[in-house]
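Here are the chains, one letter per residue:
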Amino acid sequence: MEIIRTAQLMTTWANSKVGQGETICLVPTMGYLHDGHLALVRKGCDIADNVVVSLFVNPIQFGPGEDLGNYPRNFERDAELAEESGANVLYSPDVKDVYPDGFQTKVSVAGLTTGLCGASRPGHFDGVTTVVAKLFNTVKPNSAVFGRKDFQQLAVIKKMVRDLNWDITIVGHPIVREKDGLAMSSRNAYLNKEERVKALCLFDSIQFARKQVSSGNQDAGALKKEIEHKILEYGDVLIDYISIVNAETLKECEVVDKNSVLALAVKIGSTRLIDNGFLYKNA
Ligand code: PAF
């Protein structure tokens, strides 16, 4: 596996692969790789000749007071794991290379970014779409794989790609979970023992909501109240949002249907976790 540190070298590599008629899949990450990321890399290996894993903790998608300074990092381990999973390139530029002095451009998707995580993290999605647009232009992928845990992010990226006519297939990968159901996330590393137990409130609520729906409770408002009670039973957790939204428009549903997704953001101690799931079985 090659390690590439600058956009210029990354594009030279990409141009040579494109010139040889080979395909490239991009797996964008902020590092501290876990099995969820590695599943994305393996998916990339199935669909392209070359897989580029980007590792860049993107400062412009963190708000003031968020965890940019503490974000977990372990470059050596990430490089080993990416290579073992089949990546051809680990692209890890530094901040000055991505945002040189005088950088002024922002890529912004309206509408889809206003609710859910966008409401509590203003500017977050502009940071994501700006860096992903830069990665697309630098790595020149035919496809890119994103985890469905960041469900709103996936919808926003798909919209950006459609709106900007990029010929890039965006693949959403199913959420990879720990044995007890906790969605894998680099931020799980922040949880202490007690918080780790409380963090199960997210997945348990999704399971609970699915049972409710299968027994006929389709009133989204009533369901959200019951989910709130369920989460608060875990004690000492702070609910950011409990939303039941249409999977494509991200608009709140009044009645749960086959396209309804329960999306949750809950703060456990100082760690904000998100999770989501369709409410109908096999949806
Ligand atoms: O999902 C992430 O890890 C980040 O938001 C991404 C897509 C790598 C952009 O920085």
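Here the structure is shown first, and the text comes after it.
The structure contained in this document is the topic of the report that follows.

How each quantity is defined
Residues numbered from 1 in each chain as written. Predicted model: local features only at pLDDT ≥ 70, side-chain atom pairs only at ≥ 80, totals over all residues. Heavy atoms only, no water. Helix = DSSP H or I, 4+ residues; strand = E, 2+ residues; numbered from the N terminus. Rg over C-alpha atoms; globule rule 2.2 N^0.38 Å. Buried < 20%, exposed > 50% of the residue type's maximum accessible area, 1.4 Å probe, protein only. Contact = heavy atoms within 4.5 Å. Pairing = 2+ DSSP bridges. Axes fitted to C-alpha atoms, helices over the stretch in contact; angles between N-to-C directions. Salt bridge = Lys/Arg side-chain N within 4 Å of Asp/Glu carboxyl O. Polar contact = N/O pair within 3.5 Å; in protein donor to acceptor, adjacent residues only side chain to side chain. Disulfide = S-S within 2.5 Å. Phe/Tyr/Trp six-rings, centres within 6.5 Å; stacked < 30°, edge-to-face > 60°. Lys NZ or Arg CZ within 6 Å of the ring centre and 35° of its normal. Near = heavy atom within 4 Å. Areas by Shrake-Rupley, 256 points an atom, 1.4 Å probe, with all protein chains shown as cover. Nonpolar A, V, L, I, M, F, W, Y, C, P; charged D, E, K, R; others polar. 1 Å grid on protein atoms, 1.4 Å probe; cavity = no way out; pocket = protein on both sides within 12 Å on 5 of 7 lines; lining within 4 Å. Points joined across faces, edges and corners; volume = space filled by probe spheres on them.

Next up on the list: the overall build of the protein. Helix and strand content of the protein: ten helices and nine strands. Over its C-alpha atoms the protein spans a radius of gyration of 19 Å, differing by no more than 12% from the 19 Å that the globule rule assigns to 283 residues. If one aligns the C-alpha atoms of the protein with their principal axes, the spans along those axes are about 55 × 40 × 35 Å. Across the 283 residues in the protein, those meeting the buried criterion constitute 51%. Partitioning the contacts of the protein with sequence separation of at least 6, the portion at a separation of at least 24 is 72%.

On to the pairing of strand β9 (residues 271-278). Of all eight residues that make up β9, six are buried, and the element is covered over most of its length. Taken together, strand β8 (residues 260-268) and the strand that follows it, β9, pair antiparallel across an intervening segment of two residues, in which G269 is found at a positive phi of about 60°.

Okay, the sheet that holds strand β7 (residues 237-246) next. One open sheet holds the three strands; their spatial order is β7-β8-β9, and the pairing between them is antiparallel. Only two strands of the sheet have a single partner each, and these edge strands are β7 and β9. Each adjacent strand pair in this sheet contributes to an overall mean axis angle of 15°, direction not counted.

Going through the model one piece at a time under the given rule, you end up with eleven salt bridges. Note that D275 and R177 form a salt bridge whose closest N and O atoms lie 2.9 Å from each other. On the criterion of sequence distance, the pair formed by D275 in strand β9 and R177 in the loop between β6 (169-173) and α8 (193-198) is long-range, its members being 98 residues apart. Given the relative accessible area of 3%, D275 is considered buried.

With respect to the secondary-structure elements, R187 resides in the loop between β6 and α8. A distance of 2.8 Å separates the side chain of R187 from the side chain of D67, its partner in a polar contact.

Turning next to the state of the cysteines. Using the criterion set out here, one finds zero disulfides in the structure. For the unlinked cysteine C25, the closest cysteine sulfur is that of C45, found at 8.3 Å. The buried category is assigned to C25, whose relative accessible area is 0%. In this structure C253 is not part of a disulfide, and its nearest cysteine sulfur, from C117, lies 17 Å away. What makes C253 buried here is its relative accessible area of 13%.

The next subject is the packing of aromatic side chains. In this structure the tally under the stated criterion is four aromatic pairs. With a centroid separation of 5.8 Å and 75° between ring planes, the pair formed by F62 and Y71 is classed as edge-to-face. Assessed through its relative accessible area of 10%, F62 is described here as buried. Y71 gets classed as buried once you look at its relative accessible area, which sits at 7%. Ring pairs connect the aromatic residues F56, Y99 and F103, which therefore count as one cluster. Here the guanidinium or amino end of R5 rests over the ring plane of F75, the centre of that ring lying 4.4 Å away.

Moving on: the site of the ligand. Around the ligand sit P28, T29, M30, N58, Q61, V128, V131, F146 and Q153, and that is every residue in its neighbourhood. Calculation on the ligand without its partners gives an accessible area of 290 Å², and the protein chains cover 88% of this total. For the shell around the ligand, a count of residues per class yields five nonpolar, four polar and no charged.

Enumeration according to the criterion identifies one cavity of 30 Å³ or more in this entry. Here the largest cavity is characterised by a volume of approximately 60 Å³. Considering the residues around the largest cavity, the lining is formed by K149, L182, A183, S185, N188, L202, L273, I274 and D275. Examining the composition of the lining of the largest cavity, we find that three residues originate from one element, β9, more than from any other. For the lining of the largest cavity, the residue count by class is five nonpolar, two polar and two charged.

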